[in-house]
Amino acid sequence: MRIGDAAAAAGTTPRALRFYEQRGLLPPPTRSGSGQREYGPAEVSRVRVIRQLLAVGLTVDDLASRPHRLDLLTEDPPQRCTAAPGPETFAPVVAARLAALDAEIARLTERRERLARHAATGGADVPGEG
């Protein structure tokens, strides 16, 4: 199928497919005689997996660090790509992403608390003022 049909089947856009290909998440597709990209069910499944992983909080860079592991998730039934710990699994990537999210939550929580204190005191607690 052509790029537009493949994108629609995966729930995304042709631009996203080209981007995933450029970032190494999708292997270069076969080309028709006229040079158009052609995709099959395996590529559509892989794009669906990519979109699911992005939706749960991983980044394109996270996925690009382990593109060979994406194949495990497209198998029927899907394999766990973190089952055996090691540097080539997603386990360290997921751990790093969770740590980054925890740090961001802590930063935002502190910012929220400062804003709440500021609002409660009418601005009297702002450093350098008062």
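Procedures and definitions
- Residue numbers run consecutively from 1 along every chain, following the written order of its sequence.
- Predicted model: local features are reported for residues with pLDDT of at least 70 only, side-chain atom pairs are reported and counted for 80 or more only, and whole-chain, interface and lining totals are derived from all residues.
- Hydrogens are left out, water is left out, and the side-chain values use all remaining heavy atoms of the structure.
- Per the convention used, a helix needs a DSSP run of H or I reaching at least four residues, while a strand needs a run of E reaching at least two, with both numbered from the N terminus.
- Residue count minus one, scaled by 1.5 Å, sets the expected span of a helix.
- Under the scheme applied here, a residue whose accessible area is under 20% of the maximum for its type counts as buried, over 50% as exposed, and between as partly exposed, the area being computed with a 1.4 Å probe on protein chains only.
- Note on geometry: axes are lines fitted to C-alpha atoms, helical ones only across the stretch in contact, with angles between N-to-C directions running from 0 to 180 degrees.
- Put simply, angles under 35 degrees are roughly parallel, angles over 145 are roughly antiparallel, angles from 65 to 115 are roughly perpendicular, and the rest are oblique.
- Crossing chirality is assigned from the near helix's rotation relative to the far helix, an anticlockwise turn below a right angle marking it left-handed and a clockwise turn marking it right-handed.
- Residues count as neighbours in contact if any of their non-hydrogen atoms are within 4.5 Å of one another.
- Polarity classes work like this: nonpolar for Ala, Val, Leu, Ile, Met, Phe, Trp, Tyr, Cys and Pro, charged for Asp, Glu, Lys and Arg, and polar for all others, with Gly in that last group.
- A 3.5 Å cut-off defines polar contacts: any pair of N or O atoms within that distance qualifies, except that in protein one atom must be a possible hydrogen donor and the other a possible acceptor, and neighbouring residues in sequence count only when both atoms are side-chain atoms.
- Throughout this description, the term nonpolar core refers to a set of buried Ala, Val, Leu, Ile, Met, Phe, Trp, Tyr and Cys residues connected via side-chain atoms within 4.5 Å.

Trainee: Describe helix H3 (residues 41–55), naming the residues involved and giving the relevant values.
Mentor: One full turn of an α-helix is made of 3.6 residues, so residues set three or four places apart face in the same direction. With 15 residues, H3 extends 21 Å between its outermost C-alpha atoms, agreeing within 8% with the 21 Å of an ideal straight helix rising 1.5 Å per residue. Along H3, the positions that sit buried rather than exposed are Val44, Arg46, Val47, Val49, Ile50 and Leu53. At the C-terminal side of H3, glycine 57 shows a positive phi close to 120 degrees.

Trainee: Tell me about the packing of helix H1 (residues 3–10) against H3, and name the residues and values.
Mentor: When two helices pack together, you describe them by how their axes are tilted relative to each other and by the distance separating the axes. Relative orientation of the contacting elements H1 and H3 amounts to 45 degrees, with a least axis distance of 9 Å. Between H1 and H3, the interaxial angle falls into the category oblique. In the packing of H1 onto H3, the handedness of the crossing is right-handed. Packed against H1, whose contacting residues are Ala6, Ala9 and Ala10, the element H3 presents Val44, Val47, Arg48 and Arg51 at the interface. Among the residues making up the contact of H1 with H3, the classes are represented as five nonpolar, no polar and two charged.

Trainee: Would you mind going over the environment of aspartate 71 in detail, with residue names and values included?
Mentor: Within the secondary structure, aspartate 71 is located in helix H5 (residues 70–74). When its relative accessible area of 38% is taken as the criterion, aspartate 71 is described as partly exposed. Measuring from C-alpha to C-alpha, the distance between aspartate 71 and glutamate 43 comes to 10.0 Å, with 28 residues separating the pair along the chain. Of note is the side chain of aspartate 71, whose polar atom sits 2.4 Å from the side chain of arginine 46.

Trainee: Run through the nonpolar core, naming residues and quoting values.
Mentor: By size, the foremost hydrophobic cluster in this structure holds 21 residues, and its most contacted members are Leu17, Tyr20, Leu25, Leu63 and Leu70. Those elements that provide at least two residues to this core are H1, helix H2 (14–22), H3 and helix H4 (60–64). Among the elements that make up this core, the one with the highest residue count is H3 (five residues). Here tyrosine 20 is in contact with Leu25, Leu26, Val47, Ile50, Arg51 and Leu54, once residues within four sequence places are set aside.

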